[in-house]
Amino acid sequence: MGIDHHGRTQRLDWADVTLREWDCTVLWSDPADPEQGIVLDRSAFYPGGGGQPPDHGVLIWQGVQTRIVGTRKGDDLYLLPAPGDPVPPAGATVTGAIDDERRSSLMRTHSGLHVLCGTVFRDFNVLVTGSNMEPGEARMDFNLPEIPPGFKQSLEDAVNAEIAADRKIVVRMLSREEADATPDLVRTQFKAPPELPQVRVVDIVGLDVQADGGTHVASTAQIGRVTVTKVESKGRQNRRVRIRLT
């Protein structure tokens, strides 16, 4: 399949991050074993990855609602129904709908992490050693042995200045050759761009360009203000920065 597919499922979330409802067909399911998941021909559910949790939402079919609460990794994109919910059979026509509040918050949070990463990389030239996010809050770890006085507040001010600059956030594809020739495309220590014919990158214009498969807002102003809630030491050279959307 092409780069716009996960197994047999067309990735609508990559084509349009604003899409919240669509019609599709069930390609595979096992109503007798719901934990195996549901495979759709077209899906806007972000399946999770890169620190971003999977979307939640519903499938609606024949007057029945199935809540989707996660995904299962595999060759196909398997959507996991909530325990006890009915499972649509293969061949059923269903309407998918994303939990908009959760997705929108995760998009803002993920873009906020990229602004944080770009700001720290620009000002300190250090790499990321780990990250995690939930709707509205996140943390990022940096290989930063020393931090200057007032680091927490100065970092918060610098991040919010970049957010207020209303920088465009552009998603584009690079060829393998372009990705290999682009310096600092992966800001995570010990990782390289994924071995694919094309690499999806998220470009915060003028600040940060990274290989990334997640969902993002269209400009930094849409993130809203960020608070740096805590800076922690995690080992001799690692600093954990926690942020929250306000």
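Residues numbered from 1 in each chain as written. Predicted model: local features only at pLDDT ≥ 70, side-chain atom pairs only at ≥ 80, totals over all residues. Heavy atoms only, no water.

### Digging into the pattern of salt bridges
Any two side chains of opposite charge can pair, given that their charged atoms come close.
Okay, step 1: For the structure on display, the rule yields 16 salt bridges.
Okay, step 2: Across the salt bridge formed by E232 and R242, the nearest N and O atoms sit 2.6 Å from each other. Here E232, found in strand β15 (residues 226–233), pairs with R242, found in strand β16 (residues 238–245); they are ten residues apart in sequence, far enough to count as distant.
Okay, step 3: A relative accessible area of 15% places E232 in the buried class.
Okay, step 4: Look at the salt bridges and you will find they share partners, linking R122, D123, E162 and R167 into a network. (Salt bridge = Lys/Arg side-chain N within 4 Å of Asp/Glu carboxyl O. Helix = DSSP H or I, 4+ residues; strand = E, 2+ residues; numbered from the N terminus. Buried < 20%, exposed > 50% of the residue type's maximum accessible area, 1.4 Å probe, protein only.)

### Quick word on the nonpolar core
Okay, step 1: The biggest cluster of nonpolar side chains holds 30 residues, and the ones touching the most others in it are L116, F142, V241 and I243.
Okay, step 2: Among the secondary structure elements, those contributing two or more residues to this core are α2 (100–124), β10 (128–134), β11 (137–143), α3 (151–164), β13 (198–204), β15 and β16.
Okay, step 3: Looking at this core element by element, the count peaks at seven residues for α2.
Okay, step 4: In this structure V241 touches L116, A138, R139, M140, F142, F151, L155, V228, K230 and V231, once residues within four positions along its chain are discounted.
Okay, step 5: Grouped together as the second largest cluster of nonpolar side chains are 17 residues, C24, L40, I68 and I98 included. (Core = buried A, V, L, I, M, F, W, Y, C linked by side-chain atoms within 4.5 Å. Contact = heavy atoms within 4.5 Å.)

### Structural notes on the sheet that holds strand β12 (residues 169–175)
Okay, step 1: Taken together, three strands build an open sheet; the order of strands is β12-β13-β14 and the sheet is antiparallel. Unpaired on one side and paired on the other, β12 and β14 (208–211) mark the two borders of the sheet. The mean angle between the axes of side-by-side strands here comes to 25°, regardless of whether they run parallel or antiparallel.
Okay, step 2: Pairing analysis gives seven bridges linking β12 to β13, with the strands arranged antiparallel. Following the sheet pairing, S175 is matched in β13 by Q198. (Pairing = 2+ DSSP bridges. Axes fitted to C-alpha atoms, helices over the stretch in contact; angles between N-to-C directions.)

### Quick look at the packing of α2 against α3
Okay, step 1: Their axes nearest at 10 Å, the elements α2 and α3 cross at an angle of 115°. Crossing angle aside, the handedness with which α2 passes α3 is right-handed. The residues of α3 that touch α2, namely those facing V115, L116, T119, V120, R122, D123 and F124, are F151, L155, A158, V159, E162 and I163.
Okay, step 2: Residue composition of the contact of α2 with α3, by class: nine nonpolar, one polar and three charged. (Left-handed = near helix turned anticlockwise from the far one by under 90°. Nonpolar A, V, L, I, M, F, W, Y, C, P; charged D, E, K, R; others polar.)

### Describing unusual backbone geometry
Okay, step 1: In this model, N125 sits at a positive phi of 55°, which is unusual for a non-glycine residue.
Okay, step 2: Looking at where N125 falls in the secondary structure, it is placed in the loop between α2 and β10.
Okay, step 3: Positive phi, close to 55°, is recorded for D166, a residue that is not glycine.
Okay, step 4: For D166, a relative accessible area of 41% translates into the label partly exposed.

### A few points about the packing of aromatic side chains
Okay, step 1: A complete count under the given rule lists three aromatic pairs for this structure.
Okay, step 2: For the pair W22 and F45, a centre-to-centre distance of 5.5 Å together with 75° between the ring planes defines the contact as edge-to-face. Of the two residues, W22 sits in strand β3 (residues 21–29) while F45 sits in the loop between β5 (42–43) and β6 (57–61), which places them 23 residues apart along the sequence. For the pair shown, W22 and F45 are each scored as buried.
Okay, step 3: Between the aromatic rings of W28 and Y78, the centroid separation amounts to 6.0 Å while the plane-to-plane angle is 85°, which identifies the pairing as edge-to-face. In this pair, W28 is assigned in strand β3 and Y78 in strand β8 (residues 78–81), connecting sequence segments 50 residues apart.
Okay, step 4: The class of Y78 is buried, set by a relative accessible area of 14%.
Okay, step 5: Note that R72 overlies the ring of Y78, its terminal NZ or CZ placed 3.9 Å from the centroid. (Phe/Tyr/Trp six-rings, centres within 6.5 Å; stacked < 30°, edge-to-face > 60°. Lys NZ or Arg CZ within 6 Å of the ring centre and 35° of its normal.)

### Regarding the environment of Q62
Okay, step 1: The residue Q62 is located in the loop between β6 and β7 (64–72) in this model.
Okay, step 2: Take Q62: its relative accessible area is 72%, and that puts it in the exposed class.
Okay, step 3: Taking the C-alpha atoms as reference points, Q62 and P88, separated by 26 residues in sequence, lie 9.1 Å from one another.

### With respect to the environment of V159
Okay, step 1: Its location among the elements puts V159 in helix α3.
Okay, step 2: Among the residues examined, V159 registers a relative accessible area of 2% and is labelled buried.
Okay, step 3: Here the alpha-carbon distance between V159 and L27, two residues 132 residues apart in the chain, equals 44 Å.
Okay, step 4: Leave out the neighbours within four places in its chain, and V159 touches V115, L116, T119 and V226.

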